[in-house]
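# Observations on the model geometry
Here is how the chains run, residue by residue.
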Amino acid sequence: MINCVCFYRDTMLISGINAFTSLFASCAIFSVIGHLAFIQNEDVDNVVASGPGLVFAVYPAAFSAMPVPQLWSVLFFIMLICLGIDSQFAMVEVVITTLMDGFPKLKPLYFNRKEVLVLYICLFTFACGIPCTFQGGMYYFQIIDWYVAVVSIFFIAIAEVIAVCWLYGATRLRRNVEEMTTSTPNIYFVSCWLVISPILIFAIFVFSFIQYEVVTYDDYIYPDWAELLGWFIALLSMVWIPIGIVYAFATAEGSFTERLFLICKSPISEATYGYQFQDDSSTYRRAYFDRGSREDIFMEHYKKHEI
């Protein structure tokens, strides 16, 4: 049986820890930058700019002035490794799920084994990251960080919000959460899904373009071909969204208006089938069923796993 109290407790705990960690990290960052500015007798703006230089140049210099610098350096870079691995879990899982569910014909290439596919993806991404370790790797890394973080992430975030909250529907998503947790999300969450999050993400996206500057690293200004390379890297992750829209429109049937209506409507049926747990956890209450669903199949599934 799902323990909703633990669910909300864990949710609020994780959210609070994330917020506190961000505040604590900001205090640590600016204290180090302020200390360096004091030592160099410079303004904070002249000490370091944001970006990879803050991690790979400023912090090592700060650690060298601390007691037992070797210990702090090792702990710091272990933290970076753990942070990178943690970030890769979600990214790699997205690619794995896409390949396994969207391209079933590729299963013989990885022997229909998920761990083999994970190995392929990790080796490929490892090979893509090797140029960052070369002598000019920091310049290459700056191009990727500059365009992916500024352009691609916000564009994809806007597309996700529109697809999930507007096309699939916030009301349906609310029912899904209610059935999984037996508790209905309040109006605040629904407002965030429908209005607040899209507006904030779109505003950040627009202002990032208004304040757009060409990629630089310290005093080095990249040539035009490097800027084109950065936009090409950014488009690699963005172009598939409009391509998918064009493909869905081309393969839909009907007039122009009917096709437009079809691609703006989610083809996914109601994701849940109405089973909600009662307090005794031994019986089930049927709230609603999607048309065409088989009640006996789902009841057998729930009883088999003794939920």
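Each remark here, short or long, concerns the structure printed above.
Residues numbered from 1 in each chain as written. Predicted model: local features only at pLDDT ≥ 70, side-chain atom pairs only at ≥ 80, totals over all residues. Heavy atoms only, no water.

### A closer look at the overall build of the protein
For clarity, the threshold we go by: For the purposes of this entry, the term helix denotes a DSSP run of H or I that reaches at least four residues, the term strand denotes a run of E that reaches at least two, and both are numbered from the N terminus. Partly exposed residues are those whose accessible area sits between 20% and 50% of the maximum for their type, while under 20% is buried and over 50% is exposed, using a 1.4 Å probe and protein chains only.
Tallying secondary structure elements over the protein gives 10 helices and four strands in all. Residues counted as buried form 22% of the 307 residues belonging to the protein.

### Details of the pattern of salt bridges
As a reminder, the rule being used: Put simply, a salt bridge is a Lys or Arg side-chain nitrogen that is within 4 Å of an Asp or Glu carboxyl oxygen.
Taken as a whole, this structure holds two salt bridges when the rule is applied. One salt bridge connects arginine 113 with glutamate 115, and the closest N-O pair in it is separated by 2.4 Å. We classify arginine 113 as partly exposed; its relative accessible area is 45%. Owing to a relative accessible area of 46%, glutamate 115 belongs among the partly exposed residues under this scheme.

### Looking at the nonpolar core
Operational definition: The definition of a nonpolar core used throughout is a set of buried Ala, Val, Leu, Ile, Met, Phe, Trp, Tyr and Cys residues joined through side-chain atoms within 4.5 Å. Whether two residues are in contact is decided by their heavy atoms: any pair within 4.5 Å suffices.
Formed by Ile143, Tyr147, Val151, Val215, Tyr217, Tyr222, Ala226, Ile233, Ala234 and Met238, the largest nonpolar core amounts to 10 residues. For this core, the elements supplying multiple residues, two or more each, are helix H5 (137-181) and helix H7 (224-238). For this core, the element with the most residues is H7, which contributes four residues. Discounting chain neighbours no more than four positions away, the residues touching methionine 238 are Val151, Ser152 and Phe155. Within the second largest apolar cluster, nine residues are counted, among which are Ile33, Leu36, Val47 and Phe63.

### Structural notes on the packing of helix H8 (residues 240-251) against helix H9 (residues 256-263)
The condition that has to hold: Only the contacting stretch of a helix is used when fitting its axis, a line to C-alpha atoms as for every element, and angles between N-to-C directions run 0 to 180 degrees. Any angle from 65 to 115 degrees is called roughly perpendicular, while one under 35 is roughly parallel, one over 145 is roughly antiparallel, and all others are oblique. Helix crossings fall into two classes, left-handed where the near helix is turned counterclockwise from the far one by less than a right angle and right-handed where it is turned clockwise. Classes in brief: Ala, Val, Leu, Ile, Met, Phe, Trp, Tyr, Cys and Pro nonpolar; Asp, Glu, Lys and Arg charged; the others, Gly included, polar.
The geometry of H8 relative to H9 is characterised by a closest axis approach of 9 Å and an angle of 130 degrees between their N-to-C directions. The orientation of H8 relative to H9 falls into the category oblique. In terms of crossing hand, the pair formed by H8 and H9 is right-handed. On H9, the residues that touch Ile245, Ala248, Phe249 and Ala250 of H8 are Phe256, Arg259, Leu260 and Ile263. Its residues placed into classes, the contact of H8 with H9 shows seven nonpolar, no polar and one charged.

### Brief notes about the packing of H5 against helix H6 (residues 187-210)
As a packed pair, H5 and H6 sit with axes 9 Å apart at the nearest point and diverge in direction by 170 degrees. In terms of their interaxial angle, H5 and H6 are classed as roughly antiparallel. Residues of the contact of H5 with H6, tallied by class, amount to 21 nonpolar, one polar and one charged.

### Some thoughts on unusual backbone geometry
Positive phi, normally seen in glycine, also occurs at valine 68, with a value near 50 degrees. Along the chain, the position of valine 68 falls in the loop between helix H2 (52-64) and helix H3 (69-102). We note that asparagine 112 has phi near 55 degrees; this positive angle belongs to a residue other than glycine. Among the structural elements, asparagine 112 can be located in the loop between H3 and helix H4 (114-129).

### Here we look at the state of the cysteines
As a reminder, the rule being used: Criterion for a disulfide: a pair of cysteine sulfur atoms within 2.5 Å.
Considering all chains together, one arrives at zero disulfides under this definition. Cysteine 165 forms no disulfide, and the closest cysteine sulfur to it belongs to cysteine 192, at a distance of 9.8 Å. By relative accessible area, cysteine 165 is classed as buried at 9%.

### Focus: H3
Rule in force here: Given a helix with a known number of residues, its expected span is that number minus one, times 1.5 Å. Bend, at a single residue, is the angle you get between axes fitted to the 7 residues ending at that residue and the 7 residues starting at it.
Over its 34 residues, H3 extends 49 Å from the first C-alpha to the last, a length consistent with the 50 Å expected when each residue adds 1.5 Å. Most pronounced at glutamine 88, the bend in H3 amounts to some 30 degrees. Within the span of H3, buried status applies to Phe76, Val92 and Ile96.

### With respect to the environment of valine 164
Assignment of secondary structure puts valine 164 in helix H5. Linking valine 164 and serine 266, residues 102 residues apart in sequence, is a C-alpha distance of 8.9 Å. Those residues in contact with valine 164 that sit more than four places away from it in its chain are Gly169 and Leu173.

### Focus: a nonpolar patch on the surface
So the rule is basically this: Patch building starts from residues that exceed 30% relative accessible area and form no salt bridge, then joins like charges within 9 Å and nonpolar side chains (Val, Leu, Ile, Met, Phe, Trp, Tyr) within 5 Å. Residue-level accessible areas treat just the shown protein chains as cover; the underlying method is Shrake-Rupley with a 1.4 Å probe.
A cluster of nonpolar residues, Ile162, Trp166, Leu167, Ile187, Tyr188, Phe189, Leu194, Val195, Ile196, Ile199 and Leu200, forms a patch on the protein surface that exposes about 1000 Å² of accessible area. Looking at the nonpolar patch, the elements that each hand over two or more residues are H5 and H6. Counting residues per element, the nonpolar patch draws most heavily on H6, which supplies eight residues. Relative to the helices and strands, isoleucine 199 resides in helix H6. Isoleucine 199 sits in the exposed class, given a relative accessible area of 52%.

### A closer look at H6
Under the 1.5 Å per step criterion, the end-to-end length of H6 is 33 Å for 24 residues, consistent within 8% with the ideal 34 Å. Remark: the principal bend of H6, roughly 50 degrees, maps to tryptophan 193. Looking only at H6, the buried set comprises Val190, Cys192, Trp193, Pro198, Ile201, Phe205 and Ser208. Tucked into the core, H6 has its buried residues touching H5.

### Examining the packing of aromatic side chains
The condition that has to hold: Pairing of aromatic rings covers Phe, Tyr and the six-membered ring of Trp, with a centre-to-centre limit of 6.5 Å; geometry is then stacked below 30 degrees between planes, edge-to-face above 60, and tilted otherwise.
Applying the stated rule across the entire model yields 13 aromatic pairs. For the ring pair phenylalanine 20 and phenylalanine 24, a centre distance of 6.2 Å and an interplane angle of 20 degrees mean the geometry is stacked. Here phenylalanine 24 and phenylalanine 20 lie together in helix H1 (residues 4-40), a separation of four residues that amounts to about one turn. With respect to class, phenylalanine 20 is no different from phenylalanine 24; both count as exposed.

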